[in-house]
Amino acid sequence: MEKGGGDPLGLLCPMGRPEKLALYRGGQTRVEESSRAIAGCFGGGQKPDWQCPHVRVLCVSPKILMADSEALPSLAGDPVAVEALLRAVFGVVVDEAIQKGTSASQKVCEWKEPEELKQLLDLELRSQGESQEQILERCRAVIRYSVKTGHPRFFNQLFSGLDPHALAGRIITESLNTSQYTYEIAPVFVLMEEEVLRKLRALVGWSSGDGIFCPGGSISNMYAVNLARYQRYPDCKQRGLRTLPPLALFTSKECHYSIQKGAAFLGLGTDSVRVVKADERGKMVPEDLERQIGMAEAEGAVPFLVSATSGTTVLGAFDPLEAIADVCQRHGLWLHVDAAWGGSVLLSQTHRHLLDGIQRADSVAWNPHKLLAAGLQCSALLLQDTSNLLKRCHGSQASYLFQQDKFYDVALDTGDKVVQCGRRVDCLKLWLMWKAQGDQGLERRIDQAFALARYLVEEIKKREGLELVMEPEFVNVCFWFVPPSLRGKQDSPDYHERLSKVAPVLKERMVKEGSMMIGYQPHGTRGNFFRVVVANPALTCADMDFLLNELERLGQDL
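Notes on the structure follow. (Residues numbered from 1 in each chain as written. Predicted model: local features only at pLDDT ≥ 70, side-chain atom pairs only at ≥ 80, totals over all residues. Heavy atoms only, no water.)

## Regarding the overall build of the protein chain
The condition that has to hold: Secondary structure follows DSSP: runs of H or I at least 4 residues long count as helices, runs of E at least 2 residues long count as strands, and numbering of each begins at the N terminus. For every residue, the accessible area (1.4 Å probe, protein chains only) is compared with the maximum for its type, and the residue is labelled buried under 20%, exposed over 50%, or partly exposed between those bounds. Note on contacts: a residue pair qualifies if any of its non-hydrogen atoms lie within 4.5 Å across the two residues. Only the protein chains shown count as covering a residue, and every accessible area follows the Shrake-Rupley method with a 1.4 Å probe.
Scanning the protein chain from N- to C-terminus turns up 16 helices and 17 strands. Relative to its 558 residues, the protein chain shows a buried fraction of 49%. In the protein chain, of all internal contacts separated by at least 6 residues, the share reaching a separation of at least 24 is 69%. Carbon and sulfur atoms provide 53% of the accessible area of the protein chain, an area that totals close to 26400 Å².

Right, here's the structure in full:
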């Protein structure tokens with residue numbers, strides 16, 4: 001072993017860092033032993049490599065000395081122990097999170113009250129480290145008490161399911177641990193991101209443009225608002241809000257709450273958001289949009305953006321984009337389409353008419369982690385702009401990162417387009433899944449979700465005690481469960497009040513049993529109702545039948 005590799009603070013053992021670790025058992029070098037032999041020293045309740053009694057360590061790993069503890073082993077210099085740990089962890093993940101976590105025979109969740117869960121997880125961080133057996137138990141506990149969003153009975157959110165190719169991409173992404181900002185350190189992913197964005201833009205209907213992957217649809221929507229403001233008032237980047245007149249942006253009452261949050265975050269204020277009426281199906285009313293624009297102008301505000309929605313959160317409504325685009329064109333307004341939920345419908349030749357007119361938008365938000373099951377997070381902001389608006393709006397030309405005299409084309413350094421510095425890779429999981437499925441496979445996935453939603457609707461109509469909120473046009477199926485005690489009592493003065501209390505009770509029961517998870521909410525004057533999201537690509541008609549049967553079982557005494 002060479003000396004001289006010691007820590008400058010003198011915390012490492014005097015021998016310094018080993019040039020190469022060599023572990024022997026019976027004279028045989030273990031560095032190149034099979035994975036079975038490696039894992040054998042790690043499983044079955046045995047101690048990790050550095051503690052195995054039958055292993056003779058000729059060169060020990062570096063040990064960090066702590067004032068109030070004994071020397072703690074570090075895996076950093078021990079490739080055998082690192083491999084053994086990761087193989088063991090991956091085994092736990094495959095068994096517990098993937099196989100059991102996606103099996104209908106297992107629970108969706110194992111509910112615990114917060115204080116009990118804190119005790120079970122032993123969350124406190126202490127001065128002394130733990131053995132690898134304990135670490136593996138930690139991993140098992142984390143998985144055991146987490147909600148299994150890949151489970152076929154998880155209908156709670158706009159994302160669900162587990163695509164194996166996308167998961168493989170996520171594992172690779174985390175293993176490589178790079179940032180998306182320069183070609184210098186992310187050459188594969190800079191090129192890959194641009195190709196995936198090009199494909200998404202083509203589905204929107206654009207032959208050119210720009211875009212970026214963002215940390216969620218809310219941020220994508222906020223980017224759109226910021227870009228629209230900058231395009232109209234570029235001086236605001238340097239001089240700030242004092243250069244701006246009162247601004248007005250327009251969206252429907254069914255919009256995602258990120259529009260309000262974005263207005264507050266960007267300094268526009270929530271009063272700048274003019275709420276446009278929606279019809280009985282949750283679609284923006286273009287005539288009221290026109291009226292709201294006139295009112296804002298009369299009050300001295302300057303309209304600058306309209307945010308339409310393709311796939312609203314609760315009802316799954318699609319705004320009439322052609323008519324809204326006409327209004328925007330007449331008034332010279334930026335049209336943003338929040339298609340975070342509904343954008344993936346563009347892959348279906350059968351259903352893409354729901355987004356007719358989206359090609360007229362200036363920007364589109366689209367979350368493949370939702371209906372395509374690409375895995376959190378995967379959110380694209382797409383622009384029709386070809387003038388480098390993203391970079392002009394957000395760029396700061398940091399000389400330590402975006403040097404202009406690099407040995408390659410610095411246009412490949414896309415990091416100055418965004419407000420983040422470090423930016424995770426979100427394109428690989430979608431790219432790998434798309435490579436495996438192709439356009440046709442993803443189209444079948446969308447069409448299957450629509451078909452299963454229709455099956456569920458027809459089954460609801462057949463059963464006593466189930467009442468649709470409305471006929472869905474998307475995969476959000478909204479309905480009330482009317483318990484036996486309320487059936488036939490619609491004319492009772494307290495009927496709606498009592499009905500509104502049913503969904504919370506059933507939600508508590510299903511979660512505590514772990515049988516399934518369905519979201520509920522009030523909506524306008526409507527009391528609480530269930531919203532089933534049919535998105536998991538592994539769903540079958542049997543899962544739809546189970547859902548209704550389980551509701552009837554859980555609510556039979558109400």
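## A closer look at the packing of helix H6 (residues 187-204) against helix H13 (residues 428-462)
Quick reminder of the rule: Here, axes are lines fitted to C-alpha atoms. For helices the fit covers the stretch in contact, and angles between N-to-C directions go from 0 to 180 degrees. Comment on the angle field: the value is read as roughly parallel under 35 degrees, roughly antiparallel over 145, roughly perpendicular from 65 to 115, and oblique elsewhere. Note on convention: near helix rotated counterclockwise from far helix by under a right angle means a left-handed crossing. Clockwise means right-handed. Each residue gets one label: Ala, Val, Leu, Ile, Met, Phe, Trp, Tyr, Cys and Pro are nonpolar, Asp, Glu, Lys and Arg are charged, and the others, such as Gly, are polar.
Between H6 and H13, the shortest axis-to-axis distance is 10 Å and the interhelical angle comes to 55°. Viewed along their axes, H6 and H13 adopt a mutual orientation that is oblique. Crossing angle aside, the handedness with which H6 passes H13 is left-handed. Residues Phe 189, Met 192, Val 196, Lys 199, Leu 200 and Leu 203 of H6 form the contact with H13, whose participating residues are Leu 428, Leu 430, Trp 431, Trp 434 and Asp 439. Class assignment of the residues belonging to the contact of H6 with H13 gives a composition of nine nonpolar, no polar and two charged.

## As for unusual backbone geometry
Of the consecutive residues Leu 376 and Gln 377, the connecting peptide bond is found in the cis state with omega at -10°. In this structure, Gln 377 sits in the loop between strand S12 (363-366) and strand S13 (379-383). Phi at Asn 177 is positive, roughly 50°, even though this residue is not glycine. Looking at the secondary structure, you find Asn 177 in the loop between helix H5 (164-176) and H6.

## Some words on empty space enclosed by the protein
Rule in force here: Here a cavity means grid points, on a 1 Å grid over the protein atoms only, where a 1.4 Å probe fits yet cannot get out; a pocket means an open set of points with protein on both sides within 12 Å along at least five of seven lines; lining residues are those with an atom within 4 Å of a point. Grid points are joined across faces, edges and corners, and a volume is the space filled by probe spheres set on the points.
Taken as a whole, this structure holds two cavities of 30 Å³ or more when the rule is applied. As a volume, the largest cavity reaches approximately 40 Å³. In this structure, the largest cavity is lined by Arg 445, Gln 448, Ala 449, Leu 452, Val 534, Ala 535, Asn 536, Pro 537 and Leu 539. Taken together, the residues of the lining of the largest cavity sort by class into six nonpolar, two polar and one charged. The wall of the second largest cavity is formed by Trp 480, Phe 481, Leu 499, Val 502, Ala 503, Asn 528, Phe 529 and Phe 530.

## Brief notes about the layout of surface pockets
When its volume is computed, the largest pocket comes out at roughly 760 Å³. As for the largest pocket, its lining consists of 33 residues, of which Val 93, Ala 97, Leu 162, Leu 167 and Arg 170 are closest to the centre. Listed by contribution, the elements that provide at least two residues to the lining of the largest pocket are helix H2 (79-100), helix H4 (132-144) and H5. Partitioning the lining of the second largest pocket into residue classes produces seven nonpolar, 14 polar and three charged.

## Concerning the pairing of strand S17 (residues 526-533)
How we decide: The criterion for strand pairing is that DSSP finds at least two bridges linking the strands in question.
Across the eight residues of S17, six count as buried, placing the element largely inside the fold. By the bridge criterion, four bridges tie strand S15 (residues 476-481) to S17 in an arrangement that is antiparallel. Looking at the pairing, Cys 478 lines up with Arg 531 of S17. In this structure, strand S16 (residues 517-523) lies alongside S17, joined through four bridges in antiparallel fashion. Bridge pairing in S17 places His 523 opposite Arg 526. Taking the residues that link successive antiparallel strands as the turn, the S16-S17 hairpin has two residues, and the phi of Gly 524 there is positive, at about 60°.

## Section: the nonpolar core
Our working definition: Nonpolar core, defined: a set of buried Ala, Val, Leu, Ile, Met, Phe, Trp, Tyr and Cys residues in which side-chain atoms within 4.5 Å join the residues together.
With 105 residues, the main nonpolar core has Val 477, Phe 479, Val 534 and Leu 551 as its most contacted residues. Tallying contributions element by element places H13 first for this core, with 13 residues. With residues near it in sequence (within four places) discarded, Leu 551 still touches Phe 479, Phe 481, Leu 506, Met 510, Met 516, Ile 518 and Phe 530. Within the second largest apolar cluster, 28 residues are counted, among which are Cys 255, Ile 259, Val 273 and Val 418.

## Examining the packing of H2 against H4
Interaxial distance between H2 and H4 falls to 10 Å at its minimum, and their mutual angle equals 25°. Considered as vectors, H2 and H4 are oriented roughly parallel to each other. Two packed elements cross with a definite hand, and for H2 against H4 that hand is right-handed. From H2, Leu 85, Ala 88, Val 89, Val 92, Val 93, Glu 96 and Ala 97 reach across to H4, where they touch Gln 132, Leu 136, Cys 139, Arg 140 and Ile 143.

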